[in-house]
Amino acid sequence: MNRPTLVLSRFLGLLRPHLADDYLVVDIGDGAAAQARAIVMMGNEPLPPGLFEVCPHLGLIACFTAGYEQIDVNMARARGVLVSHAPAINHDDVADHALGLLIAARRLIVAGDRQVRREGWRTAETFRPSHSLTGAKVGIVGLGEIGRALAQRCAALKMEVRWWAPRPREAEWPRAATLQELAAWSDVLAICARADDSNRRLISQEIIEAVGPEGLLVNVSRGQIVDEDALIDLLRTGRLGGAGLDVFDPEPTTAQRWAGIENAILTPHTAGATIESIEALADLLRRNLGRFFAGEPLATPVPEMTHIGRGAL
């Protein structure tokens, strides 16, 4: 069988079993990469240096994520390279993870676990009451699929929900007039916005400070949306009560960067990585690859390429 050649991102080794039967899967440094017609990668990682020179026959950048903010779509289009992504697959899982971070941080679940494990319970360590979920004010930045799914979950748990995004839309919950207003109102500020160059460090020191010393910031979007240096400083000094973070700037983050910050719960960008969602993402990826190599329109081209979309052998 003459299998088409794919380049696979180093972060996506888990996909090899899903692709190996139909494609020759190689790494960017492999000599066979010169024959590759497609690269499979995460949308939040930059293109490998010299990609178009290493892979002169490249025709498709297939993102294994809904986001594709690191991909220069205009440059790809100029080179005749298509870009696909994976929308509307794992937004419920990401919303679940955001809610988990919210509950764990607000109810001090991780801190309680640490206390029990260090015998703090038995030695009369100072008791710390946590905050109730009922009646908590949750401000959501970005009301796309993830933001809306999180809002529904919070409302079901009797939390009060408001949201803000640059553009109005129909929603069951009120929209704050400004981001600053939303932050000042919120007990929990949850970042669910799609990242792009326009909103880098949108969540500035001023916005984070408005959440306050009893407030919580949750981010399951992209690390670049938050001024992470300011966030760390505000957590250290107690001007922000806590954080639940699944994304960082840059990634992977280092343990040293968060050393001594006990009021943050950190997970390694795994909010959408459930067994079920990975299988669904892999199925969609195989559909896009199959259509590309068959010269058919992509199943899910990025919006900028909705009207372009046929592969070519």
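Refer to the preceding data block for the structure.
Residue numbers here run from 1 along each chain, matching the order of that chain's written sequence. Given that this is a predicted model, residues contribute local features only at a pLDDT of at least 70 and side-chain atom pairs are listed and counted only at 80 or more, while totals for whole chains, interfaces and linings are drawn from all residues. Derived side-chain values reflect all non-hydrogen atoms in the structure, with water molecules and hydrogen atoms excluded from consideration.

Draft legend 1. A look at the sheet that holds strand β2 (residues 24-26). Two strands form a pair only when DSSP identifies at least two bridges running between them. Strands are runs of DSSP state E lasting at least 2 residues, helices are runs of H or I lasting at least 4, and numbering of each runs from the N terminus. On the basis of which strands lie adjacent, the open sheet formed by five strands has the order β2-β1-β3-β4-β5 and parallel pairing. At either margin of the open sheet sits one strand with a lone partner, and together these are β2 and β5 (82-84). Across this sheet, the average inter-strand angle for adjacent strands is 25°, counted without regard to direction. Pairing geometry for strand β3 (residues 38-41) and strand β4 (residues 60-63), over four bridges, is parallel. Looking at the pairing, A38 lines up with L60 of β4. Inter-axis angles, ranging from 0 to 180 degrees, are taken between N-to-C directions of lines fitted to C-alpha atoms, where helices are fitted over the stretch in contact.

Draft legend 2. Geometry of the sheet that holds strand β10 (residues 242-245). As summarised here, the arrangement of the six strands in space is β7-β6-β8-β9-β10-β11, forming an open sheet in which the pairing is parallel. Only two strands of the sheet have a single neighbouring strand rather than two, namely β7 (160-164) and β11 (264-266). Taking the axes of each pair of neighbouring strands and ignoring which way they run, one obtains an average angle of 15° across the sheet. Of the pairings in the sheet, the one linking strand β6 (residues 137-141) to strand β8 (residues 188-191) comprises four bridges and is parallel in character. From the neighbouring strand, V141 faces β8, where its bridge partner is I191. Contacts: residue pairs with any heavy atoms within 4.5 Å of one another. Set on the sheet, helix α6 (residues 145-156) makes contact with β6, β7 and β8; between it and β6 the angle comes to about 170°.

Draft legend 3. Main features of the pairing of strand β1 (residues 5-8). Working definition: with a 1.4 Å probe on protein chains only, accessible area under 20% of the residue-type maximum means buried, over 50% means exposed, and in between means partly exposed. Side-chain alternation along β1 places T5 and V7 on one buried face and L6 and L8 on a second face that is also buried. Looking at chain direction, β1 and β2 are connected through three bridges and run parallel. Looking across to β2, one finds that V7 is bridged to V26. Sheet topology note: the β1/β3 ladder contains three bridges and is parallel. Paired with V7 across the strands is I39, a residue of β3.

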